[in-house]
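A look at the structure
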Amino acid sequence: MTVLEAPAAPERPSAQDEGQLERATERRNRRTYLALLLPGLLGLLVSFVFPLAYMVRMSFNQGAPDGVIVETFTLDTYIQPLTDPYYWRVTLDTFQMGVTVGILCVIVSYPVALFLARSTSKWRGLLVAIAIAPLLTSAVVRTYGWMVILGTNGLINSSLGGLGLIDTPLKLTNNMTGVTIGLVEIFMPYAILAMISGFGRLSPQLEEAAGSLGASKFKVFTRVTLPLCLPGLLTAFLLVFVLSISTFITPRLLGGGSVQVLATEIYDQTTGLLNWPFAAALSVILLVLFGLIIAVYQRLTKKIGG
Amino acid sequence: MRATIKGKMAAVAALSAAVLVLSGCGGGSEAAGSGGSATSGEVNLIAYSGVWQDQYTAAVIEPFQAKYPDIKINYASKRSSAEMLSALQGQKNNPATDVAIMDNSVSTTGNKQGLFEKVDEESVPNLANVPEKFRDKEAYGPVAMLDAVGLVYDTATFPEAPDSWKVLWDPAYAGKINVNAPPSLLGLSLTAITSKMEGEDYTQGIDSAVTRLKEMAPGVQTFAPNPDEYQNVITGQTVLGLGQNARGQFYSDQSNKKMGVTFPKEGTVYQINTINLVKDAPHSEAAKTFVDYALSAEAQTAFAKALFYAPSVTNAELPADVKDRVVPTDGSLNIVPLDVEFLSSARDKWTDTWKRQIITN
């Protein structure tokens, strides 16, 4: 505040005074920003930081049978999963599921997103709304829908059977195939949204320019369109990947108990066996996995962007 | 201009902060009472969800409220007893629940952890009608109802009910079987039954059972049937599965006998629910009134008729058509004893064994 009172004598403020004034305004702005951020930060603290800290603390406790939690400080809950091949397999399966779903989701969403991003139709808004409309229905409901479609007597098996193409029903559910199909569809709207917002640099003029210089349509796509879309594709992949490796309900419902991923394992440990410390440790491991992947992603986008 | 925008921003910030503080303070503020009145107030009940909740509400809770209009029952439903135990453990220092109806393997754990109160005939007179075998040795919550694990089957595929668990291994039905893997009690029970079929003492080890279950696993369509083990058979997704007799009987009626449930000859495992008073419950007096009513012949008969659970009291008279369909408790059924104390130590191990050795894709 003293800074504000100081420049009284000269009629025209000197460069030095102007600098001071600017700094004072900046400081005041910073305070306003802080005040504005405070409610959100408080909300984050209560709803995110506290539970997270509680979970991390819980992961160092010891879980005795029947839900008894022994307050202590042990690394056993981490050593056990990290030295047990079973949990490595579960982690690897989780990772593989995320990659597969991410890639497939990007492949099937890309044409839709590209069409929507380039569309100049007056219906574009409506089309975007339709593309993301599935989000209005809960993932649980959509998963149940897939159970009906993929089941032994479901739409696909009964159609194929009716056409005489198969004798015994295909096993499309209660395994990883079912989970992958369900997840790809469920995450498509997220992928489409992420892509549309990531296609900022895509411009029809560049494609036209390439075309007018003699590039074939295929070449325009591979040399101009696709490279410009890459940031959007990568964002969509990352989003779907992260959503997939943390998703619980679809692997649980469409996996039929045979698909064991980190999220279902955490659920079993929490609600079935009441081993909260162990479940907390698995959750921390999943979080670390997230962190690593996001770090890699940032490096990648920097590379592509730069 | 800038100042006014800033002023507005500050106002928004202050407002959102206020909203946040207010919403944070809006939690329950009910003071813990000293037990309250026996004929008024409320009772917070924690019990199973789904069809169990619907039938228990209609058969027991609604008639109770008609009898005691000043007591309100707040039903908090959970999918499993383990979830109930978890909720009660979370409330240990400040109980919000009064009564819990849960599986006895889990309530025994609750008793050991000091979550429940002892029950006596003075405060719960109908306890007098509960025979000794259905009471807790240390006078904690008594048995409220009994059921047993059954074999659920599609009546079109099996016009005659299968009489042996061995049908689960029959290659003719491979891919059409649902088995609930542990920690589900159904899977734990199947482990004990298979162990017995193999002539093994499951308290010593389950190697032979695991070998047999591994042979069954490739033919299992799902180890976690959804929406549940009964609907899977009713909709034709599978033709055989594990299930509980009570719900099985109920859904058999609901599906117009499309599905049946039976007790195979090699024996089965009881599924027993106890009714428990929570220690330091906020409405303990009204809770005792409710527990007493739940153990009355009237409530026990009504629930047996509604969901085919066997009563735990001696004075409940069931009509012949209901009596034939609830699990016998007179010793006429071949029972594989699954000791609750043992189960609490084996649950983790058996679940692990299933995941690592039996369920492999």
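Residues numbered from 1 in each chain as written. Chains lettered and ligands numbered in written order. Predicted model: local features only at pLDDT ≥ 70, side-chain atom pairs only at ≥ 80, totals over all residues.

Describing the overall build of chain B
A count of helices and strands for chain B gives twelve helices and eleven strands. Dimensions of chain B, computed from the C-alpha atoms along their principal axes, are close to 80 × 60 × 45 Å. Residues classed as buried in chain B amount to 48% of the 361 residues present. Pairs at least 24 residues apart make up 74% of the contacts formed inside chain B by residues separated by at least 6 positions. (Helix = DSSP H or I, 4+ residues; strand = E, 2+ residues; numbered from the N terminus. Buried ≥ 20, exposed ≤ 12 C-beta atoms within 10 Å, placed from the backbone. Contact = placed C-beta atoms within 7 Å.)

A closer look at the confidence of the model for chain B
Residue and element names in this part refer to chain B. Taken as a whole, chain B shows an average pLDDT of 89; of its residues, 90% reach a score of 70 or greater. Overall, residues 1–6 carries pLDDT values under 50, and its contacts beyond four positions in sequence, including any with other chains, amount to one contact. For the stretch residues 9–33, pLDDT sits under 50, and the model shows 18 contacts to residues farther than four places along the chain or on other chains. At the level of chain-chain contacts, confidence expressed as ipTM amounts to 0.78, with global pTM at 0.83. (pLDDT = per-residue confidence, 0-100.)

Description of unusual backbone geometry
Note the cis peptide between Pro182(B) and Pro183(B), where omega equals 15°. With respect to the helices and strands, Pro183(B) occurs in the loop between strand S6 (177–178) and helix H5 (185–197). In this structure, Pro227(B) follows Asn226(B) across a cis peptide bond, with omega equal to -5°. Take Pro227(B): it is sitting in the loop between strand S7 (220–222) and helix H7 (229–234). One non-glycine residue, Asn174(A), lies in positive phi territory at about 60°. Located in the positive-phi region is Asp280(B), a residue other than glycine, with phi close to 55°. Assignment of secondary structure puts Asp280(B) in the loop between strand S10 (270–278) and helix H9 (284–294).

Re the interface of chain B and chain A
At the interface, 35 residues of chain B touch 29 residues of chain A. Among the elements of the structure, helix H1 (2–24), helix H3 (81–90), S7 and helix H12 (340–358) of chain B are those that each provide at least two residues to the side of chain B that touches chain A. When the residues that make up the side of chain B that touches chain A are grouped by side-chain class, the tally is twelve nonpolar, 17 polar and six charged. (Nonpolar A, V, L, I, M, F, W, Y, C, P; charged D, E, K, R; others polar.)

Some thoughts on the domain arrangement of chain B
Residue and element names in this part refer to chain B. Domain annotation of chain B identifies domain 1 (41–146 + 272–323) and domain 2 (150–270 + 334–358). One C-alpha centre belongs to domain 1, the other to domain 2, and the line joining them spans 27 Å. In this assembly, twelve residues from domain 1 lie in contact with twelve residues from domain 2. The greatest single-element share of the side of domain 1 that touches domain 2, amounting to four residues, is contributed by helix H4 (residues 104–112). Class assignment of the residues belonging to the side of domain 1 that touches domain 2 gives a composition of seven nonpolar, four polar and one charged. (Domains from an automatic or database assignment.)

Focus on the packing of helix H4 (residues 85–118) of chain A against helix H8 (residues 176–198) of chain A
Residue and element names in this part refer to chain A. Contact geometry for H4 and H8: axes closest at 7 Å, N-to-C directions at 40°. Considered as vectors, H4 and H8 are oriented oblique to each other. The two elements H4 and H8 meet at a crossing, and its hand is right-handed. Grouping the amino acids of the contact of H4 with H8 by side-chain chemistry returns 21 nonpolar, three polar and no charged. (Axes fitted to C-alpha atoms, helices over the stretch in contact; angles between N-to-C directions. Parallel < 35°, antiparallel > 145°, perpendicular 65-115°, else oblique. Left-handed = near helix turned anticlockwise from the far one by under 90°.)

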